[in-house]
Amino acid sequence: MDIELIDEQAGAQPPGPVISARDVRVWYGTTRGAIRAVDGVSFDIAPGETLGLVGESGCGKSTLGRGLMGLLPEGAKRDGEVLFNGRDIFALSRKESYQLRGSELGMIFQEPLTRLNPLMRISQHFEETIKQHEPRLSKDDIRARALEVLRLMGIPPTRYKSYPHEFSGGMRQRLMIALGLVLRPAFVVADEPTTALDVLVEAQIVQILNDLRRNFQTSLLLITHNVGIVAEACDRVAVMYAGRIVEQGDVVDVFTNPQHPYTRELLRSTISLRTTGLNFIPGAPPDLVEPPDGCRFHPRCPDAMEVCATRNPVNIERPGGGRVECWLAGPEDLIPPGGKQSLKQEELAVADEA
Amino acid sequence: MPTKPEAPTDASTLIDVRDLSVHFALQGGSLSRLFGGDTGTVKAVDGINLELRRGEVVGLVGESGSGKSTLGRALLGLVPATEGSILLKGDDVAVMGRRQLREIRRTVQMVFQDPNAALNPAMTVEQAVGDALRVQGMKSAAQRRVKVIEALERVGLSPVELFLTKYPRDLSGGQKQRVVMARAIVLEPEVLVADEPVSMLDMSVRAKILQLMLDLKQDLGLTYIYITHDLASAKFFCDRIAIMYLGRIVEIGSTEEIFANPRHPYTKALLRAIPEPDPDRALPRDLLRGEIPDAASPPLGCSFHPRCPEAIASCGWESRDLKTVLEEHWTRQPAEVYAEEVAAVGDLSHLEQPSAMATVGGQGAPRVLEILDQIRSERPNEPFWQGVQSIEADAAGARVTFHPGQDPALRAAGGVEVACVLYPEES
């Protein structure tokens, strides 16, 4: 395979999506059988676009993010096709994918303190990162590049020689973002980048992520469980449940007209300043070794129909743009006669709850 | 679906916290320990007054490091009070010994944040919930079992037989938090101190646990201290809210009033920062800068002034604020300008020593004055400049003198109490 890279700085953006994922699967092997953490998801991310990937713990959102990066643990297998600027990154050799990571594909982790080396100065972190991909760069050039990205993150240049422990939690997360962006990757995965932070600092980081588009023209996959952050920082949203993306589309449209009952219930169960009553989704996400037949959400779904328990929902065009997979949205002609009758649900006890 | 918890019917005071301080000594070197040198203290809780009436839910809201959890722990005697008193139905928790503290645990119980850490992995649900009874002297296992089953049924863990023999690892996050709740209510306490009881749980489960807490309050007549950083759930759950910042209460009042008319600039900032799932609400552009400061050496004057968008001259401006302003300025300058200016201004480390006067730029006072003028003209609305009384060149460099600051105490302001100089003390 030709590994000539497309020069992002040249200005002419490739017309198509930066990332085009088709039928991506990531399965973990266990003694009980395969855990289908990600089970056939497809999505595109355009240049400079932020896609929010939202769902509960265990829905496979972090696994998907790591799968894209090629950072899966031993015993995990991935399948499908992910075109990055036209090249299938799932088909690359170890070495090729190593070269791509950092310079072309970036990652921002959740816990900055565990990702920074406490014995290394910030300057050394940047030297190590940059040298790995551009070994001929002089120390002064490295410093100039590092200071430029730090400045955009609001970290004063006077702190360049400090150690990680000398920074506050929010500053450390800015450092992580700066390290992830210093090589100007075209695509970045941010895995719960604000979860460990306080509300006010979280808002600062969300603003920084929001500005990424302007400052770096980076495409971002923002993984979070917080629908509020998706609403504020993302262009499009993909809602993930039990290894599948059940609905995706424009954030405003998906959040104002959710087509999938799971999207709707997830939004309803979020406690916000406008909350006047408590809503929750009964039951728990399914076991991903043996997911339920038909739609994986049907045992918890308030709108479930007979067809939902037996047939997999079809991924269709979402009214208003995007994709959705739910029998309520159609297609009508594939629903067998009588399939639209509401499903008799078993009472969900606390014994099965999340 | 029940909405707001009802207003307290019986207004008798259960807990009365008076001038409570909890200070932690910092570890110094061996010499300073030997000679009693001052190694510094962290004022985790710094002079707090709080009254908890029977049947109400009081929220303690603030960021990490605001002292809200320490205050909650002090109420149970889990951290020693340095000064002040905690009157629990008239008895002072702050001076109690171990035996008495064990006694009061029948009245006040705690729900911890992380259910994974709060449950012993080697104890079954029955052992975990029954352990409190055993500690309190209930010897008979059969008797304990009756109580444990009753508590588990109360928190909705039924059929109980399914759960009694389970270990924490067999339970989901929501179920674990229910076990923690069962352990807290098994002694039939009157007050529950809940420290971030839902923040480790998934969105779809949080509402369920909050609903359970409301049900328990209704059924058992509980009184809650609800500790959280999440104003949205506090708004829903609390009758009164105390906003905490760096060991102090900066605003306290009824939930309606705090949300309808937030007064302290910190409260306003917290409210603005909550991410809303409603996409029509754009992200506010005027976010607070900085983070909660080091409690071992808090800012002079009002602790909040370095981040405050509404600060005025008397808020306690000082040398460290000058450092912040310079550093912020440099994050906006190209590398060459930074190199030239940092050479002129020189080392800033002496500014770390808090002082109402600061001198920078030993070599070239005129250049430093120019730089400061330029920073000021770039951002004339920066509250810092209100605090500057004078900037003069002297032999040691450019000397910046600040207006004298004051440390605002809580004062009444339209139905709430607020600690901010913008609200003159009502006499």
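Calculation rules
- In every chain, residue numbers begin from 1 and rise along the written sequence.
- Going through the entries in the order they are written, you letter the chains from A and number the ligands from 1.
- Thresholds applied to this predicted model are a pLDDT of at least 70 for local features of residues and 80 or more for the giving and counting of side-chain atom pairs; totals over whole chains, interfaces and linings are not thresholded and use all residues.
- You can read pLDDT as the predictor saying how much it trusts each residue, on a scale of 0 to 100.
- Here, residue contact means that the backbone-derived C-beta atoms of the two residues sit within 7 Å.
- By definition, any uninterrupted DSSP run of H or I lasting at least four residues is a helix, any uninterrupted run of E lasting at least two residues is a strand, and each is numbered from the N terminus.
- Amino acids outside the nonpolar list (Ala, Val, Leu, Ile, Met, Phe, Trp, Tyr, Cys, Pro) and the charged list (Asp, Glu, Lys, Arg) are all regarded as polar, and Gly is one of them.
- Pairing between two strands requires that DSSP report at least two bridges joining them.
- Axis definition: a line fitted to C-alpha atoms, limited for helices to the stretch in contact. Angles are taken between N-to-C directions and run from 0 to 180 degrees.

Draft legend 1. Molecular detail of the confidence of the model for chain A. Of the residues in chain A, 93% reach a pLDDT of 70 or more, and the chain-wide mean stands at 88. Counting interchain partners and residues more than four positions distant, the pLDDT-below-50 stretch residues 1-14 of chain A has eight contacts.

Draft legend 2. How the structure looks around the interface of chain A and chain B. Each partner contributes to the interface: chain A provides 51 residues, whereas chain B provides 47 residues. Those elements that provide at least two residues to the side of chain A that touches chain B are helix 5 (139-152), helix 7 (199-216), helix 8 (227-233), helix 9 (251-256) and helix 10 (261-269) of chain A. Considering every element that reaches the side of chain A that touches chain B, the biggest residue donor is helix 7 of chain A, with eight residues. In terms of residue class, the side of chain A that touches chain B is made up of 27 nonpolar, 19 polar and five charged.

Draft legend 3. Structural view of the sheet that holds strand 7 (residues 191-195) of chain B. All names here are of chain B. Spatially, eight strands are ordered 6-7-8-3-9-10-15-14 in an open sheet, and the strand pairing comes out mixed. For this open sheet the edge positions go to strand 6 (108-111) and strand 14 (411-413), each flanked by a neighbour on one side alone. Strand-to-strand twist of the sheet, defined as the mean angle between neighbouring strand axes without regard to direction, takes the value 20°. In terms of strand pairing, strand 10 (residues 248-254) meets strand 15 (residues 416-418) through two bridges, oriented antiparallel. For I252, the partnering residue across the bridge sits in strand 15 and is E417. Sheet strands in contact with helix 2 (residues 68-75) are strand 3 (57-61), strand 6, strand 7, strand 8 (223-228) and strand 9 (240-245), and its direction is about 150° off that of strand 8.

Draft legend 4. Spotlight on the pairing of strand 12 (residues 388-394) of chain B. In terms of strand pairing, strand 12 of chain B meets strand 13 (residues 397-402) of chain B through six bridges, oriented antiparallel. Bridging across to strand 13 of chain B, E392 of chain B finds its partner in R399 of chain B.

Draft legend 5. The sheet that holds strand 10 (residues 244-250) of chain A, seen in detail. All names here are of chain A. Spatial strand order, 6-7-8-3-9-10-12-11: eight strands in an open sheet with mixed pairing. One side of each edge strand has no neighbouring strand; the edge strands of this open sheet are strand 6 (105-108) and strand 11 (315-317). Looking at each pair of strands side by side, their axes are set apart by 20° on average, direction ignored. For strand 6 and strand 7 (residues 187-191), the ladder comprises four bridges, and the chain directions are parallel.

Draft legend 6. View of the environment of D114 of chain B. As for its position among the elements, D114 of chain B is in the loop between strand 6 and helix 4 (115-118). Once the C-alpha coordinates of D114 of chain B and K176 of chain B are considered, the two residues, 62 residues apart in sequence, prove to be 9.3 Å apart.

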